[in-house]
Amino acid sequence: QNQPVESGGGSVQTGGSLRLSCTAPGFTANMCGVHWYRQGTGKREWVSSIRTGGILDYSDFVKGRFTISKDEAKDIVYLQMNNLQPVDTAMYYCKIDRGPGCRYADWGQGTQVTVSS
């Protein structure tokens with residue numbers, strides 16, 4: 001399977017930090033992007049991406065607090081989350097693009113992040 005696996009979620013207090021991991025064998029050697037999404041009680045929303053050439057993108061609501069990075073030796077993409085707020089509470093999903101033109105995608109099953117006051 002090409003399904004990514006997320007880990008690193010948990011429960012923290014407001015202002016705390018977590019580092020999420022996304023991995024699938026060999027995927028960091030590909031030229032395609034890796035993306036983080038989250039879903040709380042509503043619609044799933046995009047959080048951050050690392051794209052071809054190492055281009056990093058962030059949604060406005062996490063900019064300045066979250067950092068996406070890649071460790072190719074370990075085949076892991078990280079999402080470092082700092083200054084977490086209750087609104088960040090959600091299931092966080094990793095999506096890995098692949099194939100010709102990076103037109104295909106594989107989704108993980110998610111890791112839960114809960115932020116309490």
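Check the entry above for the structure.
First, a word on what this report is: a plain description of the structure on this page. (Residues numbered from 1 in each chain as written. Predicted model: local features only at pLDDT ≥ 70, side-chain atom pairs only at ≥ 80, totals over all residues. Heavy atoms only, no water.)

You can see Gly 33 is positioned in the loop between β3 (18-23) and β4 (34-39). For the pair Gly 33 and Cys 102, spaced 69 residues apart in sequence, the C-alpha separation works out to 7.6 Å. Excluding residues within four positions of it along the chain, Gly 33 makes contact with Ile 50, Arg 51, Lys 95, Ile 96 and Asp 97. (Helix = DSSP H or I, 4+ residues; strand = E, 2+ residues; numbered from the N terminus. Contact = heavy atoms within 4.5 Å.)

Another aspect to go through is the sheet that holds β3. Ordered by their spatial adjacency, four strands build an open sheet running β1-β3-β8-β7, and the pairing between neighbours is antiparallel. Looking along the sheet, the strands with just one partner apiece sit at the ends: β1 (5-7) and β7 (66-71). Neighbouring strand axes in the sheet, compared pairwise and without regard to direction, differ in orientation by 20 degrees on average. Pairing geometry for β1 and β3, over three bridges, is antiparallel. Directly across from Val 5, in β3, lies its bridge partner Thr 23. (Pairing = 2+ DSSP bridges. Axes fitted to C-alpha atoms, helices over the stretch in contact; angles between N-to-C directions.)

Let us now look at the pattern of salt bridges. Applying the stated criterion to the full structure yields seven salt bridges. Here Arg 38 and Glu 45 are joined by a salt bridge, their closest N and O atoms 2.8 Å apart. Its salt-bridge partner being Asp 106, residue Arg 98 comes within 2.7 Å of it at the nearest N-O pair. What you see here is one network of salt bridges that share partners, running through Arg 38, Glu 45, Arg 65 and Asp 88. (Salt bridge = Lys/Arg side-chain N within 4 Å of Asp/Glu carboxyl O.)

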